[in-house]
Amino acid sequence: MKIAVCVKQVPDTWAEKRLRPADSLLDRESAEGVLNELDEYAVEEALKIQEAHGGEVTIVSMGPERAVETIRKALSMGADAGIHIVDDALSGSDALATSAVLAGVLKDRGFDLIIFGSESTDARMSVVPAMVSERLGLPQLTFAQKVDVNGGTITIERQTDYGFDSVEASSPVVVSVVEKINEPRYPSFKGIMAAKKKPLETLSVADAGVAAGSVGTGAAWSVVADFAARPPKAAGTIVNDEGAGGVKIAEFLATNKII
Amino acid sequence: MAPILVVVEHADGVVKKVTLELLTLARSLGEPAAVWLGPGYGDAAASQLAEYGAGTAYVVDNSDMVDFVVAPKTEALAAVVKQASPAAILIASSAEGKEIAGRLAIKIESGVITDAVAIAPDLTATQSVFGGSTIVHSTVTHGIPIITVRPNSTAPEAAATALSRVDVEVPVSEGARGAKVTGRTAATKASRPELSEAAIVVSGGRGVGGPEGFGVIESLADSLGAAVGASRAATDAGWYPHQYQVGQTGKTVSPQLYVANGISGAIQHRAGMQTSKMIVVVNKDSEAPIFELADFGVVGDLFAVVPQLTDEVQKRKG
Ligand SMILES: Cc1cc2nc3c(=O)[nH]c(=O)nc-3n(C[C@H](O)[C@H](O)[C@H](O)COP(=O)(O)OP(=O)(O)OC[C@H]3O[C@@H](n4cnc5c(N)ncnc54)[C@H](O)[C@@H]3O)c2cc1C
Ligand SMILES: Nc1ncnc2c1ncn2[C@@H]1O[C@H](COP(=O)(O)O)[C@@H](O)[C@H]1O
């Protein structure tokens, strides 16, 4: 089973995120970059499937120079090889461009399973997996809370508003996983050492088979017109419960015509 | 005037509240037309759509829409877009809504904006990003703007019109029928409003102490006609079903009122509720970061405060 896992480097969850005034892009330099938390579950699921069914796990990430740290982290968890798409032309790419580049790289490499996280914690669009599925014409098994592999048949439980749907498809497939699916492992010391020697391929946009003019800020099909910090919220009223806390909330709600 | 297409979210033949919000919003942008994907379109749906101002309902009554994941819906929607030549396409910002939007963007070669909280008449979208700390205005510069809109962004207002039904036949391609739905499992269906759509959400966290503790949370929710939410600490512990989780990896809610009980306010929880219009907090630790978001907060034991509040709400309702 050949498995690809797409991972993204994002600013640390706890870091204050802001847009750069000059170009309205996320300021990625000011915060430490980490492996998108939700993508750790994707890596873990790939490793579990590999343990049960054999095969190879390749990490794929598009991002600046330092995104290589993120690929190393996934390799230190146990993945076998990495592909890093890095190119100045990519700066400011929207989800459409990102999905085009990822699809270009994933296309002819014979992957049976392509696994994603369900959302990047910075963009929070939750669209890249569906877009890659559309571009590659592969069945979409997204928002999986459970993945079963049975030969060439892949079955998932797709999380829905009301519970879940069971969904079945034949490989190759695109999968995205939700955080409920597993408990990601921590890299061991041995894993960290081994990761340094694992093969890492570095590709340009052209290597991905995508025209440089169709990615990056200039090619984005939506643009930020302007942005502003939300005006700070006026401090609320905080009271200690001295026996009438519930009544006080009710009064507050009544004043604001909620009840 | 070019229509504004609104993709209908529906269950059991009934139009969901978020769609009525989108129709209301669409009326400020142009002439709303509804797109119904899947079986179940009938008189109930037609009268709801007419009441909220849809002049046309494009109906794709084809069970492939629900028997296979997302791809058939996108093909059908692309066919409707071709027929209707809309000025914009509005879709609810649900998990599946965003997937449809993303795939459609590729199909019709148009830009897509997700999670809008408002749209101006010139189709500039307002988004609230980074957990609500930054307000962004964005526009689509290529193709027909595809915008997904968060539930509770607009108050639904009726404005009745005459509705005409247009049936659209879409032969779904073999390639779009790759991911087959073989079963649906409903976790306990509550009689409460749906979490992402509810005007009021009452949530419980680790402070609730166990599954029984959610009793006081549910009682308060019922007195207010609210949905129940939970922090991940509570859902992970199995105290409350996972689909009620609010936060980064759960639902994003922005109700009129959010009541956080026994929740500390971790960044991942805030990401899902920070844009609520009004926030009330009950927590026994005055240092809990959730108080930073509170419009009104009580430092105290939720098992004393919440039942008292429930009683008081009942009393005032008479
Ligand atoms: C990848 C990832 C994704 C995540 N996604 C989410 C998500 O979507 N949603 C989410 O919620 N979390 C999420 N988390 C978890 C998050 O970091 C926190 O661990 C979680 O929100 C904590 O839940 P809590 O506030 O209920 O519990 P705690 O942080 O333990 O807080 C409990 C609070 O209850 C108070 N309390 C205790 N007893 C009482 C009482 N009797 N009366 C009043 N107050 C009381 C305490 O003072 C405390 O403030 C995620 C974490 C990760 C790593
Ligand atoms: N630049 C990227 N490189 C590799 N994978 C990505 C990238 N951006 C997004 N992804 C994948 O797509 C998922 C959803 O991202 P998003 O649509 O941005 O919320 C993430 O969890 C990743 O698995």
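Just so it is clear, the model here is predicted, and its values are computed rather than measured.

*Asks:* So what exactly am I meant to see when it comes to unusual backbone geometry here?
*Replies:* Where the residue is not glycine, phi is negative for most of them; where a peptide bond is considered, it is trans in most cases. Backbone torsion omega between S171(A) and P172(A) reads 0°, so that peptide bond is classified as cis. The residue P172(A) is located in the loop between β9 (163-170) and β10 (173-177) in this model. Residues other than glycine seldom take positive phi values, yet F143(A) does so here, at roughly 55°. When you line up the elements, F143(A) lands in strand β7 (residues 140-150). For F143(A), a relative accessible area of 11% gives the class buried. You will see that L123(B), though not glycine, has its phi angle at about 70°, which is positive. Considering the arrangement of structural elements, one finds L123(B) in the loop between β7 (112-119) and β8 (125-129).

*Asks:* How should the domain arrangement of chain B be read in this particular structure?
*Replies:* As a measure of interface size, the accessible area lost when the parts come together is often cited. Residues and elements named next belong to chain B. Splitting chain B by domain gives domain 1 (3-177) and domain 2 (195-317). Of note, the centres of domain 1 and domain 2, computed from C-alpha atoms alone, are 31 Å apart. Contacts between the two partners involve nine residues from domain 1 and, on the opposite side, ten residues from domain 2. Between domain 1 and domain 2 the total buried area reaches about 790 Å² when both faces are included, carbon and sulfur atoms providing 40% of it. Applying the counting criterion to the domain 1 and domain 2 interface returns zero salt bridges. The residue makeup of the side of domain 1 that touches domain 2, split by class, is two nonpolar, four polar and three charged.

*Asks:* Please clarify how the layout of surface pockets should be interpreted in this entry.
*Replies:* Over the atoms rolls a probe the size of a water molecule, and its path tells where empty space is left. Its boundaries defined by the atoms lining it, the second largest pocket holds a volume of some 730 Å³. As for the second largest pocket, its lining consists of 35 residues, and the residues nearest its centre are R206(B), R232(B), A233(B), A266(B) and Q268(B). Listed by contribution, the elements that provide at least two residues to the lining of the second largest pocket are α1 (37-53) of chain A together with α7 (232-236), α8 (267-270) and β16 (278-283) of chain B. The leading source of residues in the lining of the second largest pocket is α1(A), at four residues. Residue composition of the lining of the second largest pocket, by class: eleven nonpolar, 14 polar and ten charged.

*Asks:* For this particular structure, what's the right way to read empty space enclosed by the protein?
*Replies:* On inspection of all chains with the given rule, the structure shows one cavity of 30 Å³ or more. In this structure, the largest cavity occupies an estimated 30 Å³ of space. Taken together, G117(A), S118(A), S126(A), P129(A), A130(A), T142(A), F143(A), S176(A) and E99(B) make up the full set of residues lining the largest cavity. Elements with a minimum of two residues in the lining of the largest cavity: α4 (128-136) and β7 of chain A. Broken down by class, the residue content of the lining of the largest cavity amounts to three nonpolar, five polar and one charged.

*Asks:* Please clarify how the site of ligand 1 should be interpreted in this entry.
*Replies:* Near ligand 1 lie 27 residues; those nearest to it are R206(B), S231(B), T249(B), S264(B) and Q268(B). The local environment of ligand 1 is shared, drawing residues from chains A and B. A distance of 2.7 Å separates a nitrogen atom of ligand 1 from a polar backbone atom of V246(B). Burial of ligand 1 by the surrounding chains reaches 82%, relative to a free accessible area of 990 Å². Among the cavities detected, the one that contains ligand 1 is the second largest pocket. Sorting the residues of the shell around ligand 1 by element identifies α7, α8 and α9 (302-317) of chain B as the ones contributing at least two each. By residue class, the composition of the shell around ligand 1 is seven nonpolar, 14 polar and six charged.

*Asks:* Even after reading the chapter, I still don't get the site of ligand 2, so can you show me in this structure?
*Replies:* Residue and element names in this part refer to chain A. Close to ligand 2 lie 20 residues; C6, D39, M62, S120 and S126 are nearest. Backbone polar atom of M62 to a nitrogen atom of ligand 2: 2.9 Å apart, as the coordinates give it. At 2.7 Å from an oxygen atom of ligand 2 is found a side-chain nitrogen or oxygen belonging to S120. Considered on its own, ligand 2 offers 480 Å² of accessible surface; in the complex 97% of this is hidden by protein. Contributing elements (two or more residues each) for the shell around ligand 2: β4 (56-62), α3 (95-106), β6 (113-117) and α4. Counting residues per element, the shell around ligand 2 draws most heavily on β4, which supplies three residues. Tallied by class, the residues present in the shell around ligand 2 amount to eleven nonpolar, six polar and three charged.

The rules behind these values
- Residues numbered from 1 in each chain as written.
- Chains lettered and ligands numbered in written order.
- Predicted model: local features only at pLDDT ≥ 70, side-chain atom pairs only at ≥ 80, totals over all residues.
- Heavy atoms only, no water.
- Helix = DSSP H or I, 4+ residues; strand = E, 2+ residues; numbered from the N terminus.
- Buried < 20%, exposed > 50% of the residue type's maximum accessible area, 1.4 Å probe, protein only.
- Domains from an automatic or database assignment.
- Contact = heavy atoms within 4.5 Å.
- Buried area = accessible area lost by both parts, 1.4 Å probe.
- Salt bridge = Lys/Arg side-chain N within 4 Å of Asp/Glu carboxyl O.
- Nonpolar A, V, L, I, M, F, W, Y, C, P; charged D, E, K, R; others polar.
- 1 Å grid on protein atoms, 1.4 Å probe; cavity = no way out; pocket = protein on both sides within 12 Å on 5 of 7 lines; lining within 4 Å.
- Points joined across faces, edges and corners; volume = space filled by probe spheres on them.
- Near = heavy atom within 4 Å.
- Polar contact = N/O pair within 3.5 Å; in protein donor to acceptor, adjacent residues only side chain to side chain.
- Areas by Shrake-Rupley, 256 points an atom, 1.4 Å probe, with all protein chains shown as cover.
- Sits in = over half its atoms within 2 Å of the grid points.

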